[in-house]
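Descriptive analysis of the structure
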Amino acid sequence: MSAAPTVDTAGGDRARRQGGRARLGPRLPTWVPVAAAVLAGAALSLPRIGVRSLWLDEAYTVGATAELLDTWRATGGTQALYYALVWPVAQVTTDPGWLRLPSALFGLAAVVAVHHVGRRLGGRAVGVLTAAGLALSWGLARYSVEARSYTLALLLVSLSWLALVAAVQAGDDEAGARRWWRTYFVAVALVPLAHGLATLNYLAQLAALALAPGDGPRSVRRASRVAPLLAGELAVLFLLGAAEVGDWVPPLSLGQLRAIKHLLLGHGPPGTVLGVLAALAVLDVVVRYLRRRDRESWLQLLPAFWALGPPAVVVAISLVRPYAAARYVFPSLPGFLLLIAGLLVRHLATTRRAALAGVLLAPLLLVDQRHVTTNGIEAWRELTACIAANAEPGDRLLTAAAHRSPLDYYWPDHPELAGVEPLSPPEPLGEVRRLYDSLTPEHGDIVEIMLEDPTGSVWFVDRGEFGRAAIAGLAFDAELMRSYRIAEPPWHFEGYLVLARLDPVGSDRPRQVAPCDTVPRPDDGG
């Protein structure tokens, strides 16, 4: 492998030729800008870490830590590494703030990793701008305050790209290259245990290496050494059931593509501007590579593979099997930021670059940050409180097995619910699990179990945009309605949560004795 200077060195030479154009101003210690970015990211996530109520998937995290091995076996090892890392926290407390702290720390570590990637690819200025962009992005703050594995996947993917770039840049330093390749292998092998679809970055990396000038084939061979391990790992996960992960994702739609754009580039006009800049950056790096085909132009091309590769594959797969949930492509966010930062550094003088960067970063604070505490809210806390305020001893609870975890999480907050019994799933209420035995997989099963004892009221909980359809199905079931009546209208809560109570025919029980924190029915303008 021939010697290859890092782009940081090349960037410094270019800056001196251009009269210091690439300098950010007075030279600061290299740790200062990245530390400032980390502090900014912490300021946007840590104060809000306990604001959001726990939603369905976070309740799954709580349940998974209570039955770790069974969860790994039953869910195809989904987020297995994340569950293992958050398990010690859950043994001490399941308070949302503490459960989400690991996610926040993973996100802040990713800011540092992305800074180093940017510095290696385009020099000091690219590293600083990219780290700042990630730290101020609403996406990082959003998933830093969620007890799920998405920031862990972001961190591992970023480390894999950093190790790959550093290994290629090691040149004739064979010992240094071996160290970075080992780091790369470890990061790549851990990625599927954080999130399976993040493994698509490995395919993007192989594609990028195939275009590397000079020793590209050798780099592909070295990167491919981890492929057998990765293939075996994925095979085991799929045999355990990983193929069923994401089976809730609806068919590909324009709304899903819009959600992906919002996460990776932002909302409204600022997001459109960033999208235009990203497109210009892709065009710029592609043209530079085609004209020069040298190491520097290839390194500038790498962020395009990071940004566009995994989302493109996810969208393509979704034409056959839907997977296009925006959070599944979250690890590609740094790729877009690297593209935009590189474009600004290559084409603007320091003053103009700083001014434009400020104009671009301000909307990340002023426009998009509000989505951190409003995006994807599910009011399970309020729904449980509504049952508690209106329940009577002898009432029963009926819901899908997939929806029990968040109800059990908030159940102990209300001692007055002690008189409510589980109908299905049958496990004791208030004990959070990841896995439940469903007695009602079909509508007919719901009717059958309710008619076994029609003397008491049943609280029925559903989730999703079609939750009302399930309640309507009960209302139009003639056999069931001979024994029950539905307390109209059902209660609606944020996040498409629906609550209904079915009372025995002849009951004079009022619909509610205490108000609930509800939202209007969706078709009523809510």
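Criteria and cut-off values
Every chain's residues receive numbers from 1 upward, in the order its sequence appears when written. Thresholds applied to this predicted model are a pLDDT of at least 70 for local features of residues and 80 or more for the giving and counting of side-chain atom pairs; totals over whole chains, interfaces and linings are not thresholded and use all residues. By convention in this description, side-chain values take in all heavy atoms of the structure and omit both hydrogens and water. Helix numbering and strand numbering both begin at the N terminus, where a helix is a DSSP run of H or I of at least 4 residues and a strand a DSSP run of E of at least 2. The atom set for the radius of gyration is the C-alpha atoms, and the globule formula is 2.2 Å times the number of residues raised to the power 0.38. Burial classes follow relative accessibility: with a 1.4 Å probe on protein chains only, a residue under 20% of its type's maximum area counts as buried, one over 50% as exposed, and anything between as partly exposed. What we call a nonpolar core is a set of buried Ala, Val, Leu, Ile, Met, Phe, Trp, Tyr and Cys residues that are connected through their side-chain atoms within 4.5 Å. Contacts are assigned to residue pairs with any non-hydrogen atoms lying within 4.5 Å of each other. Basic side-chain nitrogens of Lys or Arg form a salt bridge, by our definition, when they fall within 4 Å of a carboxyl oxygen of Asp or Glu. The angle between two axes is taken between their N-to-C directions and runs from 0 to 180 degrees, where each axis is a line fitted to C-alpha atoms and a helix contributes only its stretch in contact. Oblique is the label for any angle not covered by the other classes, which are roughly parallel (under 35 degrees), roughly antiparallel (over 145) and roughly perpendicular (65 to 115). When residues are sorted by character, Ala, Val, Leu, Ile, Met, Phe, Trp, Tyr, Cys and Pro go into the nonpolar class, Asp, Glu, Lys and Arg into the charged class, and all the rest, Gly among them, into the polar class. Stacked, tilted and edge-to-face are the three classes applied to pairs of Phe, Tyr and Trp rings, where Trp contributes its six-membered ring and a pair requires centres within 6.5 Å; stacked means planes under 30 degrees apart, edge-to-face means over 60, and tilted covers the rest. In our convention, an over-ring charge means Lys NZ or Arg CZ found within 6 Å of a ring centre and within 35 degrees of that ring's normal. Scored from 0 to 100, pLDDT reflects the predictor's confidence in each residue.

All right, on to the overall build of the chain then. What the chain contains, in helices and strands, is 23 helices and six strands. The C-alpha radius of gyration of the chain comes to 26 Å, within 12% of the 24 Å expected for a compact globule of 526 residues. A principal-axis box enclosing the C-alpha atoms of the chain has dimensions of 90 × 45 × 40 Å. Burial statistics for the chain: of 526 residues in total, 55% are counted as buried.

By size, the foremost hydrophobic cluster in this structure holds 139 residues, and its most contacted members are Trp-181, Tyr-184, Ile-387, Leu-397, Phe-493 and Leu-499. Among the elements that take part in this core, helix α9 (residues 150-169) stands out by supplying 14 residues, more than any other. In this view, Ile-387 contacts Leu-397, Trp-411, Leu-417, Trp-459, Val-461 and Leu-499; residues no more than four positions away in its chain are not counted.

Glancing now at the pattern of salt bridges. Counted under the stated rule, the structure contains 17 salt bridges. The partner of Asp-57 in a salt bridge is Arg-327, and the shortest N-O contact between them spans 3.6 Å. Of this pair, Asp-57 sits in helix α3 (residues 56-66) while Arg-327 sits in the loop between α16 (295-318) and α17 (333-347); the two residues are 270 residues apart in sequence, bridging distant segments of the chain. Note on Asp-57: relative accessible area 10%, which makes it buried. Between Arg-218 and Glu-174 there is a salt bridge, with the nearest N and O atoms lying 3.9 Å from each other.

Our next topic: the packing of helix α15 (residues 268-292) against α17. In contact at an axis separation of 8 Å, α15 and α17 are set at 70 degrees when each is read in the N-to-C sense. By the angle class used here, α15 and α17 are roughly perpendicular. In this structure, α15 uses Leu-274, Leu-277, Ala-278, Leu-280, Ala-281, Val-282, Asp-284, Val-285 and Arg-288 to contact α17, whose residues at the interface are Phe-336, Leu-339, Ile-340, Leu-343, Arg-346 and His-347. Residues of the contact of α15 with α17, tallied by class, amount to 11 nonpolar, one polar and three charged.

A separate point is the packing of aromatic side chains. Applying the stated rule across the entire model yields nine aromatic pairs. Aromatic pair Tyr-409 and Tyr-410: ring centres 5.0 Å apart, planes at 90 degrees, arrangement edge-to-face. Each member of the pair, Tyr-409 as well as Tyr-410, is classed as buried. Seen in terms of ring centroids, Trp-459 and Trp-491 are 5.5 Å apart; in terms of plane orientation they differ by 40 degrees. Their pairing is tilted. Taken together, the residues Trp-459 in strand β3 (residues 458-463) and Trp-491 in strand β5 (residues 491-493) connect sequence positions 32 residues apart. Residue Trp-491 is classed as buried on the basis of its relative accessible area, which comes to 1%. An aromatic cluster is defined as three or more aromatic residues linked by ring pairs; in this entry it consists of Tyr-143, Tyr-150 and Phe-330. The ring of Tyr-60 is capped by Arg-434, whose NZ or CZ atom sits 3.9 Å from the centre of that ring. Seen from the ring of Trp-491, Arg-511 lies directly overhead, with NZ or CZ sitting 4.3 Å from the centre.

A word on the confidence of the model for the chain. Confidence along the chain averages 90 in pLDDT terms, with 93% of residues attaining 70 or more. Of all the helices and strands in the chain, helix α1 (residues 7-17) carries the lowest mean pLDDT, 42, while helix α20 (residues 404-410) carries the highest, 98. Across residues 1-25, confidence stays below pLDDT 50; counting only partners more than four residues off in sequence or on other chains, it has 47 contacts.

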